[in-house]
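Single-letter residue listing:
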Amino acid sequence: MNERVFVYARRMAVADVLAPWEAGLNPAQTEAVNHDGDALLVIAGAGSGKTRTLASRVARLLGDGADPDRVLLLTFSRRASREMLRRAEHLGASRASARVWGGTFHAIANRLLRRHGAAVGLAEGFTILDQGDACDLMGVVRAEFGLAERGRRFPKKDTLLDIYSRVVNSQRPLAITMKEHFPWCTADVDEVAGVFSAYVARKRDRNLTDYDDLLLYWRALLTDSPVADVLRARFDHVLVDEYQDTNLLQADIIQGLAPRGRNLFVVGDDAQAIYGFRAATAANMTDFPNRFPDCRVVTLDWNYRSTQPILDVANAVLTGARGVFPKELRTARDDLVPGNISPPRLVRVPEEGAEANYVCDRVLEHREHGIALRDQAVLFRTGHHSARLEVELGRRNIPFIKYGGLKFLEAAHVKDLLAFLRLLENPSDEMAWHRVLGLLEGVGPATTRRVLEHLSLPDPTAVRRFVDDPPGVPPRAAAHLELLRATLGDCLDVAGQNGDASTAAEIEAIRARVGPLVEHKYRAAESRMADLEQLQAMASASPTRSQFLSELVIDSPSATGDLAGPPHLDDDWLVLSTIHSAKGGEWDVVFVIHAADGNIPSDMSLSSREGLEEERRLFYVGLTRARDHLYVTYPLRFYVRRHALDDLHTWAQPSRFLNPTAGLFEDVTVEPTAADLAESAPGPDKVTSQLTSLWA
DNA sequence: CATTTATAAATTTTT
DNA sequence: TTTATAAATG
């Protein structure tokens, strides 16, 4: 929703006797907000006021006396849920909205399982494995099967986790899933099944869950548990955002929560389905009326966000789409002076450096014209597409924040420190032991295995035993083992003194002893140590260690320390984001960069029709984020880092999705400057410079 | 025999 | 920048 309409709505509320949440809604939105009883499916095109409708509905429900503690709002990210509840509050729901259950499927599952996990065999204090840990655990199990030694190729741990996750989330048999999505491993179906059952057993044994387990256990709570009846009746109202990006498992959970669809409200747009790789399926939307035969369907089709020329481009991109209900976005904006609308620009640049320059120039230009940095965004297909731009932004002192790509939590040193906390939380957390022991010099896989045998997990007192009765290790590792023993001993002391409120103190103790090790192990020690301090600050804001760890895994902060220039000098920064992470966002100015074939659509997805279609929708999502100004840029030439030292360039075509947009863009061609040429050829690369000059 | 070091290879999107 | 495998080392 756009802020202007929002302000208008509040003004209206004062003028009329309408409730605040009713003002300024169009008829379809009003129906969605006021509908009661049977299930409701809202098909909401991009920019059609979906967020506003959801927020208004929450406000309306609370205004009508619904118990906020019995309202569940499932969103795609923590950010989205916070934002929606904040708006609900402004729309008259007052502070009650803070008590609404809002969050992602995974976060809500965690919250419920902390309370009711025992009913499905999950002991208190379970720890959640993030992607990397789950992957490593899969690797451990895989190694134990000795499959690598047979001389035959066997799927790697990453592939195994992919297969596993897809089977769980799509709820389809292993053999079929492998045949459809991993045909090159079908010969090993039986062995894969064996590894998976061992993986599942190991997690259960060590009181570990992965992301998928959170959903599996939640569904189990609703269907096969002593508390199923209680939990099915737990919520009076269920609202689901981004329904097109839910998978079958999530659809099952929804049905478990509202078996007859009573007071169930889901919103989605099949044209924006971009999580197929995670087994999400827009079929959940088409299937909704089958699951809930009495459901009502409302379509929101007026666009309150973008100018018509921007929507024309988006519409054109979608014309070739398969399997999407045809849509034609029309603008409802009336604040625009016809002659004053900025045409979408398709910008051809010689190479990445020029692209970065062009974007920086335009960003600053718009800023001069009064559009703050935070109202501008640069979007791209994959995390590293912004690398060149980030350098340039840094050079020009333009602050930015980047969403997507490598996260704070994924940095090795952060994981190292968290592993200690996880041990304190769950002494049977095998992966945490692996990580902590691996930190010690002179300790490798073999010593780790021996130590773990000595500890004979699972055992809730493993840490205490490790401290009191340390295992024997090779002489070279003895000193470091002693350090580890002392550190864990300190932690136990801290925990014993202050109880759960001492997470920050624990981190302090760990940093004091192990910090030098971390410093020694990695480069760029200063910024890494700063990260650890930051971690400590974050921990002091969490009431318990358990909550701190869970929230970090489920809702990891996106890329801290990514601010360029003097941070916090002013509160304004440019947004850089993968298109996936930009879902639901909107900005006055949007740049979609690297829009070359091979980037969008990504080469990786060209093997299947569905893959290609998802890329098209992804591009569509990127374009429809723009309110007033849209730039699509593509470099004619860019690096492909095949090998670390390779300096290979690829000649690019504009994205094939741009074909139907002929005449809808204003074409811009940036000529290469001498500086570009010098910069872009960091070696004696005469041929490429000569080729480039052909295009000058 | 276990661990470290050298060498080569591979890199989407996220909870 | 990290990650699996092979050779070298203690």
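Caption draft 1: Geometry of the overall build of chain A. In terms of regular secondary structure, chain A is built from 27 helices and 18 strands. Looking at chain A residue by residue over its 696 residues, the buried ones come to 55%. For chain A, long-range pairs separated by at least 24 residues make up 78% of all intrachain contacts whose partners lie at least 6 apart in sequence.

Caption draft 2: Seen up close, the sheet that holds strand β7 (residues 264–268). If you trace the six strands from one edge of the open sheet to the other, you get β3-β2-β6-β7-β1-β8, paired in parallel fashion. Each edge of the open sheet carries a strand with a single partner, namely β3 (101–103) and β8 (296–300). If you compare each strand with its neighbour and ignore which way they point, the axes differ by 10° on average. Bridge count between strand β2 (residues 71–74) and strand β6 (residues 237–240): four bridges; the pairing is parallel. Note on β6: the bridge partner recorded for L74 is V240.

Caption draft 3: How the structure looks around helix α2 (residues 27–34). Among all positions in α2, only Q29, A32 and V33 are buried. Looking straight down α2, one finds that the buried residues subtend no more than 100° of arc, so they occupy a single side. Elements that come into contact with the buried residues of α2 comprise β1 (40–44), α3 (50–63), β7 and β8. Looking at where α2 begins, the residue whose side-chain oxygen comes 3.1 Å from the main-chain nitrogen of A28 is N26.

Caption draft 4: Representation of the packing of aromatic side chains. One pass over the full model with this rule turns up twelve aromatic pairs. Seen from their ring centres, W101 and F235 are 5.4 Å apart, and the 75° between their planes marks the pair as edge-to-face. Residue W101 is found in strand β3, and its partner F235 is found in the loop between α11 (228–232) and β6; the two are separated by 134 residues along the sequence. Both residues of the pair, W101 and F235, count as buried. With 5.1 Å between their ring centres and 80° between their planes, Y164 and Y199 make a pair best called edge-to-face. One end of the pair, Y164, is in helix α7 (residues 157–170); the other, Y199, is in helix α9 (residues 189–205), with 35 residues separating them in the sequence.

Caption draft 5: Quick look at the nonpolar core. One finds L72, F196, W218, V240, L264 and F288 to be the most contacted residues of the largest nonpolar core, which totals 66 residues. Ignoring any residue separated from it by four or fewer positions in sequence, one finds L72 in contact with W101, I108, W218, F235, H237, V238, L239 and L257. Counting 45 residues, the second largest nonpolar core, distinct from the first, contains V467, I507, L532 and L535.

Caption draft 6: Focus on the protein's contact with DNA strand B. R381, K407, G442, A446 and T447 are the nearest of the 30 residues found near DNA strand B. At the protein interface, 52% of the atoms of DNA strand B within 4 Å belong to sugar or phosphate. Contact between DNA strand B and R278: a base oxygen at 3.4 Å from a side-chain N or O atom of the residue. Within the backbone of A446, an N or O atom sits 2.9 Å from a phosphate oxygen of DNA strand B. Of the residues contributing to the surface near DNA strand B, the split by class is ten nonpolar, 13 polar and seven charged.

Caption draft 7: Structural detail: the pattern of salt bridges. All chains considered together, the criterion is met by 57 salt bridges. Across the pair K50 and E242 runs a salt bridge whose closest N-O atoms are separated by 3.2 Å. Of this pair, K50 sits in helix α3 while E242 sits in the loop between β6 and α12 (248–257), placing them 192 residues apart in sequence. Judged by its relative accessible area of 8%, E242 falls in the buried class. Put simply, R172 and E180 hold a salt bridge, and the shortest N to O gap is 3.1 Å. By relative accessible area, which is 46% here, E180 ends up partly exposed. Here the residues in one salt-bridge network are K50, D241, E242, D245 and K583, joined through shared partners.

Caption draft 8: Spotlight on the confidence of the model for chain A. Averaged over chain A, the pLDDT score is 85; the fraction of residues at 70 or greater is 88%. Per-residue pLDDT, averaged within each element of chain A, yields its smallest value for helix α1 (residues 3–15) (43) and its largest for strand β15 (residues 587–592) (98). Throughout residues 1–15 the model reports pLDDT below 50, and contacts reaching past four residues in sequence, or to other chains, amount to 19 contacts. Segment residues 560–569 is flagged for pLDDT under 50; beyond a separation of four residues in sequence, or across chains, it makes 13 contacts in the model.

Caption draft 9: Examining the packing of helix α17 (residues 412–425) against helix α24 (residues 545–554) more closely. It is at 10 Å that the axes of α17 and α24 come closest, and there the two elements cross at 130°. Here α17 lies oblique to α24, going by the angle between them. Seen along the crossing, α17 lies across α24 with a hand that is left-handed. In this structure, α17 uses L418, L421, R422, L424 and E425 to contact α24, whose residues at the interface are R545, S546, F548, L549 and L552.

Caption draft 10: A look at the packing of helix α5 (residues 105–116) against α24. The contact between α5 and α24 brings their axes to 10 Å, and the two run at 155°. Between α5 and α24, the crossing angle belongs to the class labelled roughly antiparallel. The handedness of the crossing between α5 and α24 is right-handed. Two secondary-structure elements touch here, α5 through H106, A107, N110 and R114 and α24 through S546, S550 and I554.

Caption draft 11: Up close: unusual backbone geometry. In this structure, the amide linkage connecting L457 to the following residue, P458, adopts the cis form with an omega of 0°. For P458, the location among the structural elements is in the loop between α19 (445–455) and α20 (462–468). With an omega of -5°, the peptide bond between I600 and P601 qualifies as cis. Within the fold, P601 resides in the loop between β15 and α25 (609–623). Although it is not a glycine, Q171 adopts a positive phi angle of roughly 60°. For Q171, a relative accessible area of 32% translates into the label partly exposed. For N207, which is not glycine, the phi dihedral falls at a positive 60°.

The rules behind the values
Note on numbering: residues in each chain are counted from 1, in written sequence order. Key to labels: chains lettered from A, ligands numbered from 1, both in the order written. Only residues with pLDDT of at least 70 get local features here, since the model is predicted, and only at 80 or more are side-chain atom pairs given and counted; chain-wide, interface and lining totals rely on the full set of residues. The side-chain quantities take in all heavy atoms of the structure and omit both hydrogens and water. Strands are runs of DSSP state E lasting at least 2 residues, helices are runs of H or I lasting at least 4, and numbering of each runs from the N terminus. In this scheme, a residue with accessible area under 20% of its type's maximum is buried, one over 50% is exposed, and one in between is partly exposed, where area comes from a 1.4 Å probe on protein chains only. Residue contacts are defined here by distance: any two heavy atoms, one from each residue, within 4.5 Å place the two residues in contact. A strand pair is defined by DSSP finding two or more bridges across the two strands. To get an axis, a line is fitted to the C-alpha atoms, and for a helix only the part in contact is used. The angle between two axes follows their N-to-C directions and goes from 0 to 180 degrees. Our arc is simply the arc of the directions from the helix axis toward the C-beta atoms. In protein, a polar contact means a hydrogen-donor-capable atom and an acceptor-capable atom, both N or O and within 3.5 Å, with residues adjacent in sequence counting only if both atoms are side-chain atoms; elsewhere, any N or O pair within 3.5 Å suffices. Whether two aromatic rings pair depends on their centres lying within 6.5 Å, for rings of Phe, Tyr and Trp, where Trp uses its six-membered ring; planes under 30 degrees apart make the pair stacked, over 60 edge-to-face, and the rest tilted. Note on terminology: a nonpolar core comprises buried Ala, Val, Leu, Ile, Met, Phe, Trp, Tyr and Cys residues joined through side-chain atoms within 4.5 Å. We call a residue near a molecule or strand as soon as one heavy atom of that residue lies within 4 Å of the molecule or strand. Each residue gets one label: Ala, Val, Leu, Ile, Met, Phe, Trp, Tyr, Cys and Pro are nonpolar, Asp, Glu, Lys and Arg are charged, and the others, such as Gly, are polar. What makes a salt bridge here is a side-chain nitrogen of Lys or Arg within 4 Å of a carboxyl oxygen of Asp or Glu, nothing more. The predictor attaches a confidence to each residue, called pLDDT, with possible values from 0 through 100. Roughly parallel covers angles under 35 degrees, roughly antiparallel covers those over 145, roughly perpendicular covers 65 to 115, and oblique covers all other angles. The crossing is said to be left-handed when, going from far helix to near helix, the turn is anticlockwise and less than a right angle, and right-handed when the turn is clockwise.

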